[in-house]
Amino acid sequence: MLYTLWTSNTTQQGLAESDAGQSSPIDVPVVRRESHKTSMASTLPTPEPSLEHPSNVTKGYLVYDCSHRWPGSCGGWSDRISGILSTYVLAILTNRQFLINVDNPCPLENYFESKLYDWRYNKTLLGHKPSSNYYLKDDQGWKIMKILLTAKSAKPIKDFFTAHVSFVRINWDMTREFRKFYHVENYVPWITRLHFADIYRYIFDIFFQPKPFLLDIIDTVQKSKHKNATFCAHLRIGRSSTLPNDNVRTKPEHIHIMLDFIETIDKSKHDLFLATDSEKILHEFETKYSKNSILTVPGRITHIDQTKTGDVCDGFQKQLLDFLFLRTCDKLVICESGFSMMAAYWRDISEGLYCWTPYTVVPCSRYTVHDFFPKPLLSSPR
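A quick note: this is a predicted structure, and the numbers were derived from the prediction, not measured.

Before going further, it helps to examine the sheet that holds strand β10 (residues 270-276). If you trace the five strands from one edge of the open sheet to the other, you get β10-β9-β11-β12-β13, paired in mixed fashion. Edge positions in the open sheet fall to β10 and β13 (361-363), since each of these has one partner strand only. Each strand of the sheet is rotated relative to its neighbour by a mean of 20 degrees, with strand direction disregarded. Where strand β11 (residues 331-334) meets strand β12 (residues 353-356), three bridges bridge the pair, whose relative direction is parallel.

A few words on the pattern of salt bridges. Tallied over the entire structure, the rule returns 13 salt bridges. Lys137 is paired through a salt bridge with Asp138; the nearest N and O atoms lie 3.0 Å apart. With its nearest N and O atoms 2.8 Å apart, the salt bridge here joins Lys155 to Asp159. With Lys155 and Asp159 both in helix α4 (residues 155-160) and four residues apart, this pair spans about one turn of that helix. Salt bridges linked by common partners bring Arg236, Asp246 and Asp277 together as one network.

Quick look at the pairing of β11 now. Across three bridges, strand β9 (residues 229-235) lies against β11 in parallel orientation. Bridged to Ala233 within β11 is Val333. With helix α11 (residues 338-345) bridging β11 and the parallel β12, this β-α-β connection has right-handed handedness.

The subject of this paragraph is the confidence of the model for the chain. On average, residues of the chain score 84 in pLDDT, and 82% of them reach the 70 mark or higher. Scored below 50 in pLDDT, residues 1-42 shows 103 contacts in the model against residues more than four places distant or in partner chains. Below a pLDDT of 50 lies the segment residues 47-56, which in the model reaches 29 contacts outside its immediate sequence neighbourhood of four places, other chains included.

The next point concerns the sheet that holds strand β6 (residues 131-135). Pairing is parallel in the open sheet, where four strands are placed in the order β4-β3-β7-β6. Each of the sheet's edge strands pairs with one partner strand only, and the pair in question is β4 (97-102) and β6. Sheet twist, expressed as the average angle between the axes of neighbouring strands with direction ignored, equals 25 degrees. Sheet topology note: the strand β3 (residues 61-66)/strand β7 (residues 165-169) ladder contains four bridges and is parallel. By the bridge assignment, Leu62 is partnered in β7 with Ser166. The strands that helix α2 (residues 77-93) touches are β3, β4 and β7; relative to β3, the one it contacts most, it runs at about 170 degrees.

For the structure shown, the criterion picks out four disulfides. The disulfide bridge from Cys232 ends at Cys329, spanning 1.9 Å between sulfur atoms. Across the S-S bond of Cys232 and Cys329 the torsion is about -85 degrees, and the bridge reads as left-handed. In this pair, Cys232 sits in strand β9 while Cys329 sits in the loop between α10 (312-326) and β11, placing the two residues 97 residues apart along the sequence. The same class applies to Cys232 and to Cys329, which are both buried. The disulfide partner of Cys355 is Cys364, and the S-S distance across this bridge is 2.2 Å. Given an S-S torsion of about 90 degrees, the disulfide between Cys355 and Cys364 has right-handed geometry. Both residues of the pair, Cys355 and Cys364, count as buried. Ordering the disulfide-forming cysteines of the chain by sequence position, one finds them joined as 1-2, 3-5, 4-6, 7-8. Between Cys335, a free cysteine, and Cys355, which holds the nearest cysteine sulfur, the sulfur-to-sulfur gap is 9.8 Å.

Calculation criteria
- Residues numbered from 1 in each chain as written.
- Predicted model: local features only at pLDDT ≥ 70, side-chain atom pairs only at ≥ 80, totals over all residues.
- Heavy atoms only, no water.
- Pairing = 2+ DSSP bridges.
- Helix = DSSP H or I, 4+ residues; strand = E, 2+ residues; numbered from the N terminus.
- Axes fitted to C-alpha atoms, helices over the stretch in contact; angles between N-to-C directions.
- Salt bridge = Lys/Arg side-chain N within 4 Å of Asp/Glu carboxyl O.
- Right-handed = clockwise from strand over helix to strand, strands pointing away.
- pLDDT = per-residue confidence, 0-100.
- Contact = heavy atoms within 4.5 Å.
- Disulfide = S-S within 2.5 Å.
- Buried < 20%, exposed > 50% of the residue type's maximum accessible area, 1.4 Å probe, protein only.

So this is what it looks like as C-alpha coordinates:
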(Lines give C-alpha, C1' and ligand atoms only; values in the text may rest on other atoms or scores of the structure.)
Protein backbone atom coordinates (compact mmCIF):
# COMPACT_ATOMS: atom_id res chain seq x y z
CA MET A 1 0.00 0.00 0.00
CA LEU A 2 1.27 3.51 -0.76
CA TYR A 3 0.32 6.70 1.03
CA THR A 4 1.09 9.93 -0.78
CA LEU A 5 2.50 12.50 1.59
CA TRP A 6 2.61 16.23 0.94
CA THR A 7 4.91 18.22 3.16
CA SER A 8 3.33 21.18 4.96
CA ASN A 9 6.06 23.59 3.91
CA THR A 10 5.65 22.77 0.24
CA THR A 11 1.89 23.02 0.43
CA GLN A 12 1.98 26.42 2.08
CA GLN A 13 4.47 27.85 -0.39
CA GLY A 14 2.51 26.58 -3.35
CA LEU A 15 -0.76 27.97 -2.07
CA ALA A 16 0.78 31.32 -1.37
CA GLU A 17 1.37 31.69 -5.09
CA SER A 18 -1.85 30.14 -6.33
CA ASP A 19 -5.12 29.42 -4.58
CA ALA A 20 -5.15 25.94 -6.10
CA GLY A 21 -1.43 25.29 -6.04
CA GLN A 22 -0.12 21.74 -6.21
CA SER A 23 2.52 20.17 -3.96
CA SER A 24 5.15 17.60 -4.82
CA PRO A 25 4.05 14.16 -3.66
CA ILE A 26 6.29 11.63 -1.96
CA ASP A 27 5.21 7.99 -2.06
CA VAL A 28 5.62 6.38 1.34
CA PRO A 29 5.29 2.57 1.50
CA VAL A 30 2.96 1.45 4.27
CA VAL A 31 2.41 -2.06 5.56
CA ARG A 32 -0.86 -2.42 7.50
CA ARG A 33 -0.92 -5.27 9.95
CA GLU A 34 -2.84 -6.11 13.11
CA SER A 35 -0.56 -8.29 15.21
CA HIS A 36 -0.45 -7.83 18.99
CA LYS A 37 1.52 -4.76 20.07
CA THR A 38 2.08 -3.73 16.46
CA SER A 39 3.05 -0.07 16.33
CA MET A 40 0.26 1.91 14.71
CA ALA A 41 2.86 4.38 13.46
CA SER A 42 3.52 2.02 10.56
CA THR A 43 0.05 2.75 9.16
CA LEU A 44 0.48 6.51 8.97
CA PRO A 45 2.27 9.00 6.77
CA THR A 46 5.59 9.98 8.31
CA PRO A 47 5.41 13.63 9.45
CA GLU A 48 8.13 15.82 8.03
CA PRO A 49 10.65 17.17 10.55
CA SER A 50 9.93 20.77 9.54
CA LEU A 51 6.26 21.74 9.45
CA GLU A 52 6.40 25.42 10.40
CA HIS A 53 4.64 27.81 8.07
CA PRO A 54 7.33 29.96 6.42
CA SER A 55 7.12 33.48 7.83
CA ASN A 56 7.60 35.10 4.43
CA VAL A 57 4.36 33.65 3.04
CA THR A 58 2.09 33.64 6.09
CA LYS A 59 -0.91 35.99 6.09
CA GLY A 60 -1.19 36.38 9.84
CA TYR A 61 -1.89 33.98 12.69
CA LEU A 62 -4.73 31.63 13.49
CA VAL A 63 -4.51 30.71 17.17
CA TYR A 64 -6.45 27.94 18.88
CA ASP A 65 -7.31 29.70 22.12
CA CYS A 66 -8.37 28.26 25.47
CA SER A 67 -7.00 30.93 27.74
CA HIS A 68 -7.98 33.32 30.50
CA ARG A 69 -7.55 36.30 28.17
CA TRP A 70 -11.28 36.11 27.34
CA PRO A 71 -14.18 34.26 28.99
CA GLY A 72 -16.10 31.27 27.74
CA SER A 73 -16.10 27.51 27.96
CA CYS A 74 -13.51 25.43 26.09
CA GLY A 75 -14.83 21.93 26.86
CA GLY A 76 -12.89 18.94 28.10
CA TRP A 77 -9.66 17.40 26.83
CA SER A 78 -11.11 15.76 23.70
CA ASP A 79 -13.06 18.96 22.87
CA ARG A 80 -9.79 20.84 22.91
CA ILE A 81 -7.95 18.33 20.74
CA SER A 82 -10.82 18.46 18.22
CA GLY A 83 -10.58 22.26 18.28
CA ILE A 84 -6.83 22.13 17.72
CA LEU A 85 -7.31 19.83 14.71
CA SER A 86 -9.96 22.08 13.14
CA THR A 87 -8.05 25.30 13.78
CA TYR A 88 -4.88 23.79 12.33
CA VAL A 89 -6.64 22.85 9.08
CA LEU A 90 -8.30 26.28 8.90
CA ALA A 91 -4.86 27.85 9.28
CA ILE A 92 -3.62 25.87 6.28
CA LEU A 93 -6.67 26.88 4.23
CA THR A 94 -6.19 30.55 5.11
CA ASN A 95 -2.40 30.53 4.70
CA ARG A 96 -1.85 31.58 8.30
CA GLN A 97 0.62 30.41 10.89
CA PHE A 98 -1.06 28.09 13.40
CA LEU A 99 -0.41 28.51 17.11
CA ILE A 100 -1.90 27.18 20.36
CA ASN A 101 -2.65 29.41 23.35
CA VAL A 102 -3.87 27.32 26.29
CA ASP A 103 -3.50 28.43 29.90
CA ASN A 104 -6.95 27.38 31.14
CA PRO A 105 -6.77 25.86 33.65
CA CYS A 106 -2.95 25.81 33.31
CA PRO A 107 -0.41 26.41 30.52
CA LEU A 108 -0.32 23.49 28.10
CA GLU A 109 3.39 24.04 27.46
CA ASN A 110 4.02 23.13 31.11
CA TYR A 111 3.08 19.56 30.17
CA PHE A 112 3.90 19.17 26.49
CA GLU A 113 6.82 20.23 24.37
CA SER A 114 6.35 21.09 20.72
CA LYS A 115 7.31 18.07 18.64
CA LEU A 116 7.59 18.55 14.87
CA TYR A 117 5.82 21.92 14.84
CA ASP A 118 6.44 24.82 17.20
CA TRP A 119 2.87 25.70 18.20
CA ARG A 120 3.67 27.82 21.25
CA TYR A 121 1.94 31.19 21.38
CA ASN A 122 3.84 34.18 22.72
CA LYS A 123 1.92 37.37 23.37
CA THR A 124 4.87 39.39 22.13
CA LEU A 125 3.89 38.20 18.64
CA LEU A 126 0.75 40.29 18.93
CA GLY A 127 2.41 43.62 19.60
CA HIS A 128 0.15 46.32 18.21
CA LYS A 129 -1.27 44.08 15.50
CA PRO A 130 -5.10 43.99 15.30
CA SER A 131 -6.71 40.90 16.83
CA SER A 132 -10.18 39.39 17.13
CA ASN A 133 -11.78 36.56 19.08
CA TYR A 134 -13.91 33.97 17.24
CA TYR A 135 -16.16 31.91 19.49
CA LEU A 136 -17.13 28.95 17.32
CA LYS A 137 -17.96 26.47 20.06
CA ASP A 138 -21.08 24.28 19.89
CA ASP A 139 -23.75 25.66 17.52
CA GLN A 140 -21.62 28.70 16.68
CA GLY A 141 -19.42 26.36 14.67
CA TRP A 142 -22.01 26.28 11.91
CA LYS A 143 -20.86 29.76 10.85
CA ILE A 144 -17.60 28.51 9.40
CA MET A 145 -18.88 25.07 8.41
CA LYS A 146 -21.50 26.56 6.10
CA ILE A 147 -18.72 28.42 4.32
CA LEU A 148 -16.69 25.23 3.95
CA LEU A 149 -19.67 23.45 2.40
CA THR A 150 -20.50 26.20 -0.11
CA ALA A 151 -17.26 28.03 -0.96
CA LYS A 152 -15.67 27.45 -4.38
CA SER A 153 -12.26 28.73 -3.25
CA ALA A 154 -10.40 29.51 -0.04
CA LYS A 155 -11.16 33.25 -0.30
CA PRO A 156 -14.44 33.19 1.71
CA ILE A 157 -12.63 31.31 4.49
CA LYS A 158 -9.79 33.82 4.45
CA ASP A 159 -12.32 36.67 4.54
CA PHE A 160 -14.05 35.12 7.58
CA PHE A 161 -10.97 35.72 9.75
CA THR A 162 -10.36 39.42 9.34
CA ALA A 163 -7.80 40.27 12.04
CA HIS A 164 -4.07 39.72 11.62
CA VAL A 165 -4.14 37.65 14.81
CA SER A 166 -7.37 35.64 15.02
CA PHE A 167 -8.06 33.72 18.23
CA VAL A 168 -10.40 30.76 17.69
CA ARG A 169 -12.26 28.85 20.40
CA ILE A 170 -13.90 25.78 18.92
CA ASN A 171 -14.78 22.24 19.99
CA TRP A 172 -15.95 20.90 16.63
CA ASP A 173 -14.24 18.20 14.64
CA MET A 174 -14.92 19.56 11.15
CA THR A 175 -13.30 16.69 9.25
CA ARG A 176 -16.54 15.84 7.42
CA GLU A 177 -16.90 19.46 6.29
CA PHE A 178 -13.22 19.76 5.33
CA ARG A 179 -13.55 16.68 3.14
CA LYS A 180 -16.39 18.35 1.23
CA PHE A 181 -14.52 21.60 0.69
CA TYR A 182 -13.77 22.38 -2.96
CA HIS A 183 -10.23 21.22 -3.91
CA VAL A 184 -9.32 20.38 -0.32
CA GLU A 185 -6.89 17.81 -1.74
CA ASN A 186 -4.67 20.68 -2.85
CA TYR A 187 -4.40 22.01 0.69
CA VAL A 188 -4.76 19.14 3.17
CA PRO A 189 -4.44 15.89 1.20
CA TRP A 190 -4.14 13.67 4.29
CA ILE A 191 -7.59 14.63 5.57
CA THR A 192 -9.13 13.19 2.40
CA ARG A 193 -7.74 9.71 2.90
CA LEU A 194 -6.99 9.03 6.57
CA HIS A 195 -9.47 7.47 9.00
CA PHE A 196 -10.53 9.61 11.98
CA ALA A 197 -8.31 7.48 14.22
CA ASP A 198 -5.26 8.09 12.06
CA ILE A 199 -5.99 11.80 11.66
CA TYR A 200 -5.86 12.22 15.42
CA ARG A 201 -2.80 10.01 15.71
CA TYR A 202 -1.16 12.20 13.08
CA ILE A 203 -2.06 15.37 15.00
CA PHE A 204 -0.66 13.98 18.25
CA ASP A 205 2.51 12.87 16.51
CA ILE A 206 3.03 16.29 14.95
CA PHE A 207 2.35 18.49 17.95
CA PHE A 208 2.69 16.85 21.34
CA GLN A 209 5.72 15.45 23.12
CA PRO A 210 4.99 14.87 26.84
CA LYS A 211 7.42 16.63 29.15
CA PRO A 212 10.05 14.37 30.74
CA PHE A 213 8.53 14.72 34.22
CA LEU A 214 5.22 13.28 32.98
CA LEU A 215 7.01 10.37 31.34
CA ASP A 216 8.99 9.83 34.55
CA ILE A 217 5.73 9.53 36.53
CA ILE A 218 4.34 7.05 33.99
CA ASP A 219 7.60 5.11 34.14
CA THR A 220 7.40 4.96 37.94
CA VAL A 221 3.88 3.53 37.72
CA GLN A 222 5.04 0.99 35.14
CA LYS A 223 7.87 -0.10 37.43
CA SER A 224 5.37 -0.79 40.23
CA LYS A 225 3.72 -3.52 38.14
CA HIS A 226 3.53 -7.00 39.62
CA LYS A 227 2.23 -8.77 36.50
CA ASN A 228 3.37 -8.96 32.90
CA ALA A 229 0.27 -7.30 31.41
CA THR A 230 -1.94 -4.34 32.24
CA PHE A 231 -5.73 -4.15 32.02
CA CYS A 232 -7.17 -0.63 31.95
CA ALA A 233 -10.66 0.82 31.81
CA HIS A 234 -12.16 4.29 31.51
CA LEU A 235 -15.42 4.79 33.36
CA ARG A 236 -16.99 8.21 32.75
CA ILE A 237 -20.27 8.70 34.61
CA GLY A 238 -20.68 12.48 34.52
CA ARG A 239 -22.67 14.11 37.31
CA SER A 240 -21.69 12.83 40.75
CA SER A 241 -20.59 14.11 44.13
CA THR A 242 -17.16 14.62 42.53
CA LEU A 243 -18.47 16.67 39.58
CA PRO A 244 -21.91 17.94 40.63
CA ASN A 245 -22.21 20.38 37.71
CA ASP A 246 -21.49 17.85 34.96
CA ASN A 247 -24.11 16.31 32.68
CA VAL A 248 -25.27 12.77 33.42
CA ARG A 249 -23.22 10.48 31.17
CA THR A 250 -23.93 6.95 32.43
CA LYS A 251 -27.00 5.52 34.12
CA PRO A 252 -26.23 3.89 37.49
CA GLU A 253 -27.68 0.56 36.35
CA HIS A 254 -25.15 0.41 33.50
CA ILE A 255 -22.07 0.81 35.69
CA HIS A 256 -22.22 -2.81 36.83
CA ILE A 257 -21.59 -3.95 33.22
CA MET A 258 -18.08 -2.48 33.33
CA LEU A 259 -17.43 -3.69 36.87
CA ASP A 260 -18.65 -7.19 36.02
CA PHE A 261 -16.30 -7.28 33.03
CA ILE A 262 -13.36 -6.34 35.24
CA GLU A 263 -14.26 -9.35 37.40
CA THR A 264 -13.62 -11.63 34.42
CA ILE A 265 -10.04 -10.43 33.97
CA ASP A 266 -7.37 -12.87 35.12
CA LYS A 267 -5.81 -10.99 38.05
CA SER A 268 -2.88 -13.41 38.16
CA LYS A 269 -1.75 -12.09 34.76
CA HIS A 270 -2.93 -8.47 34.77
CA ASP A 271 -2.42 -5.41 36.91
CA LEU A 272 -5.53 -3.21 36.96
CA PHE A 273 -5.86 0.51 36.22
CA LEU A 274 -9.07 2.54 36.32
CA ALA A 275 -9.47 6.08 35.01
CA THR A 276 -12.73 7.61 36.17
CA ASP A 277 -14.36 10.94 36.97
CA SER A 278 -15.87 9.66 40.25
CA GLU A 279 -13.96 9.57 43.54
CA LYS A 280 -16.59 7.18 44.91
CA ILE A 281 -16.16 4.62 42.13
CA LEU A 282 -12.38 4.86 42.33
CA HIS A 283 -12.51 4.29 46.11
CA GLU A 284 -14.77 1.25 45.69
CA PHE A 285 -12.45 -0.13 43.01
CA GLU A 286 -9.36 0.31 45.16
CA THR A 287 -11.13 -1.23 48.16
CA LYS A 288 -12.29 -4.30 46.24
CA TYR A 289 -8.96 -5.39 44.80
CA SER A 290 -5.58 -6.06 46.34
CA LYS A 291 -3.08 -3.23 46.38
CA ASN A 292 -0.71 -5.60 44.58
CA SER A 293 -3.17 -5.69 41.66
CA ILE A 294 -3.90 -1.97 41.27
CA LEU A 295 -1.92 0.74 39.51
CA THR A 296 -2.61 4.41 40.22
CA VAL A 297 -1.36 7.79 39.11
CA PRO A 298 -1.26 10.67 41.59
CA GLY A 299 -3.58 13.66 41.55
CA ARG A 300 -7.05 14.96 42.16
CA ILE A 301 -10.07 14.08 40.00
CA THR A 302 -11.40 17.24 38.35
CA HIS A 303 -12.99 18.40 35.11
CA ILE A 304 -10.62 20.83 33.39
CA ASP A 305 -13.49 22.99 32.14
CA GLN A 306 -15.65 22.93 35.27
CA THR A 307 -13.48 22.75 38.39
CA LYS A 308 -12.49 26.26 39.49
CA THR A 309 -11.40 25.73 43.11
CA GLY A 310 -8.48 24.01 44.76
CA ASP A 311 -5.35 22.95 42.93
CA VAL A 312 -6.70 22.93 39.38
CA CYS A 313 -3.24 22.29 37.93
CA ASP A 314 -2.97 19.10 39.97
CA GLY A 315 -6.30 18.04 38.47
CA PHE A 316 -5.16 18.92 34.94
CA GLN A 317 -1.98 16.91 35.42
CA LYS A 318 -3.98 13.96 36.75
CA GLN A 319 -6.14 13.94 33.61
CA LEU A 320 -3.09 14.05 31.36
CA LEU A 321 -1.43 11.23 33.31
CA ASP A 322 -4.57 9.09 33.06
CA PHE A 323 -4.71 9.81 29.33
CA LEU A 324 -1.06 8.98 28.74
CA PHE A 325 -1.23 5.81 30.81
CA LEU A 326 -4.30 4.51 28.95
CA ARG A 327 -2.18 4.57 25.78
CA THR A 328 0.19 2.00 27.26
CA CYS A 329 -2.32 -0.67 28.37
CA ASP A 330 -2.25 -4.21 26.95
CA LYS A 331 -6.04 -4.35 27.28
CA LEU A 332 -8.16 -1.22 27.32
CA VAL A 333 -11.91 -0.72 27.71
CA ILE A 334 -13.15 2.62 26.42
CA CYS A 335 -16.54 4.17 27.07
CA GLU A 336 -18.78 6.72 25.39
CA SER A 337 -16.31 9.51 25.96
CA GLY A 338 -13.97 11.38 23.67
CA PHE A 339 -11.28 11.13 26.37
CA SER A 340 -10.76 7.38 26.06
CA MET A 341 -11.49 7.39 22.33
CA MET A 342 -8.56 9.79 21.92
CA ALA A 343 -6.38 7.50 24.03
CA ALA A 344 -7.34 4.58 21.76
CA TYR A 345 -6.48 6.67 18.68
CA TRP A 346 -3.01 7.46 20.03
CA ARG A 347 -2.40 3.95 21.34
CA ASP A 348 0.54 1.94 19.97
CA ILE A 349 -1.08 -1.46 20.50
CA SER A 350 -3.47 -2.66 17.81
CA GLU A 351 -5.18 -5.45 19.76
CA GLY A 352 -6.80 -5.72 23.18
CA LEU A 353 -9.30 -2.86 22.72
CA TYR A 354 -12.88 -3.17 24.01
CA CYS A 355 -15.92 -0.92 23.85
CA TRP A 356 -18.33 -0.58 26.77
CA THR A 357 -21.95 -0.19 25.74
CA PRO A 358 -25.09 0.03 27.94
CA TYR A 359 -25.54 -3.71 27.39
CA THR A 360 -22.12 -5.35 27.29
CA VAL A 361 -18.37 -5.00 26.76
CA VAL A 362 -17.19 -6.30 23.38
CA PRO A 363 -13.97 -6.28 21.35
CA CYS A 364 -13.51 -3.33 18.99
CA SER A 365 -10.67 -1.46 17.30
CA ARG A 366 -9.46 2.08 16.67
CA TYR A 367 -11.33 1.90 13.37
CA THR A 368 -14.68 0.62 14.67
CA VAL A 369 -15.32 2.65 17.82
CA HIS A 370 -17.82 4.86 15.97
CA ASP A 371 -19.97 1.77 15.36
CA PHE A 372 -20.42 1.51 19.11
CA PHE A 373 -20.61 5.21 19.88
CA PRO A 374 -22.31 6.61 16.78
CA LYS A 375 -23.37 9.96 18.16
CA PRO A 376 -20.80 12.69 17.48
CA LEU A 377 -18.60 12.68 20.58
CA LEU A 378 -15.90 14.78 18.99
CA SER A 379 -18.21 17.45 17.60
CA SER A 380 -21.69 18.83 18.05
CA PRO A 381 -24.61 16.99 16.40
CA ARG A 382 -24.99 17.67 12.66
